[in-house]
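In case you want the letters, here they are:
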Amino acid sequence: MFGLFKSRGKAGAEAAVDAIRPLLATIQHNHGLPSGFWTNYYILGFFTFTAGHNIKLATGGSIKDAELATTIGDVLTTVSNSNGQALVQRTIQMSHNDEFDFNRGADDAAAICFYTMRILKNEAEHPLVTMASKVAQRSFRSDYLSGRHATLKLRRVLV
């Protein structure tokens, strides 16, 4: 009834899907999703952490571990069109096996989540922030130069 009686899991899943879909849309638009995308250790680490983080934010941290795992599975099912519960089982194995790429994906997701919350420590020195700043500067310069070039062409046409 107007969403007032949503379970914690459902509210958390909706928040996580809403956070993940734009990321996937950008990847899909710019590169496409390659086959095996959802079996990549880095990808699973990144999106599992992102889902869990957003679920915990949406539920105020009140969701318990078993419900959290089920909810992450529901999110992964929604965003991947795969068996999310099977993906969660794989992520649990990767976590227990201390898989490097899985952990790196989760760490990168954590950095992004903490950056957006403005609680990332040593922000200026963080490699993701440094890289993103360089990309943004290049993009700005490129956009500026493209705009300047277009202005010069327009002047030539008008004169």
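On a predicted model such as this, the values are computed, not experimentally measured, just so you know.

Undergrad: Would you mind showing me how to read the nonpolar core here?
TA: Within soluble globular proteins, side chains that are nonpolar tend to cluster in buried spots. One finds Trp38, Phe47 and Val75 to be the most contacted residues of the largest nonpolar core, which totals 24 residues. Breaking this core down by element, the ones donating at least two residues are helix H1 (8–30), helix H2 (41–58), helix H3 (65–80), helix H4 (84–96) and helix H5 (100–116). Tallying contributions element by element places H2 first for this core, with 6 residues. When near neighbours in sequence (up to four residues on either side) are disregarded, Phe47 contacts Ile20, Leu23, Leu24, Ile27, Phe37, Trp38 and Leu76.

Undergrad: Can you help me understand the side chain of Thr50 in this one?
TA: Note that Thr50 resides in helix H2. With a relative accessible area of 5%, Thr50 lands in the buried category. Apart from residues no more than four positions distant in its own chain, Thr50 is found in contact with Ile20 and Ala109.

Undergrad: Can you walk me through the packing of aromatic side chains in this structure?
TA: Any aromatic ring pair is given by two values, namely how distant the centres are and how the planes are angled relative to each other. Tallied over the entire structure, the rule returns 5 aromatic pairs. Aromatic side chains Phe37 and Phe47 sit 6.4 Å apart centroid to centroid with 50° between the ring planes, which places their arrangement in the tilted category. Here Phe47 lies in helix H2 and Phe37 lies in the loop between H1 and H2, a separation of 10 residues in the sequence. An identical accessibility class is assigned to Phe37 and Phe47; each is buried. Geometrically, the ring pair formed by Trp38 and Phe47 is tilted, given 5.5 Å between the ring centres and 50° between the ring planes.

Undergrad: When you look at the environment of Ala13 in this model, what are you seeing that I'm missing?
TA: With respect to the element layout, Ala13 can be found in helix H1. You can call Ala13 buried: its relative accessible area is 15%. With 43 residues separating them along the chain, Ala13 and Lys56 place their C-alpha atoms 9.7 Å apart. Setting aside residues up to four positions removed in sequence, Ala13 forms contacts with Ile55, Thr71 and Val75.

Undergrad: What is the right way to look at the side chain of Thr71 in this model?
TA: When you line up the elements, Thr71 lands in helix H3. Other than its neighbours up to four places away in sequence, Thr71 contacts Gly9, Gly12, Ala13, Ile55 and Ile63.

Undergrad: Help me understand the packing of H3 against H4 in this model?
TA: When two helices pack together, you describe them by how their axes are tilted relative to each other and by the distance separating the axes. At a minimum axis separation of 7 Å, H3 and H4 run at an interaxial angle of 120°. Classified by the angle between their axes, H3 and H4 sit oblique to one another. As H3 packs across H4, the resulting crossing turns out to be right-handed. Residues Ala69, Thr70, Ile72, Gly73, Asp74, Leu76, Thr77 and Ser80 of H3 form the contact with H4, whose participating residues are Gly84, Gln85, Leu87 and Val88. Tallied by class, the residues present in the contact of H3 with H4 amount to 5 nonpolar, 6 polar and 1 charged.

Rules of the game
- Residues numbered from 1 in each chain as written.
- Predicted model: local features only at pLDDT ≥ 70, side-chain atom pairs only at ≥ 80, totals over all residues.
- Heavy atoms only, no water.
- Core = buried A, V, L, I, M, F, W, Y, C linked by side-chain atoms within 4.5 Å.
- Buried < 20%, exposed > 50% of the residue type's maximum accessible area, 1.4 Å probe, protein only.
- Helix = DSSP H or I, 4+ residues; strand = E, 2+ residues; numbered from the N terminus.
- Contact = heavy atoms within 4.5 Å.
- Phe/Tyr/Trp six-rings, centres within 6.5 Å; stacked < 30°, edge-to-face > 60°.
- Axes fitted to C-alpha atoms, helices over the stretch in contact; angles between N-to-C directions.
- Parallel < 35°, antiparallel > 145°, perpendicular 65-115°, else oblique.
- Left-handed = near helix turned anticlockwise from the far one by under 90°.
- Nonpolar A, V, L, I, M, F, W, Y, C, P; charged D, E, K, R; others polar.

Note that every value here comes from positions in space, so none of it alone points to a role or purpose.
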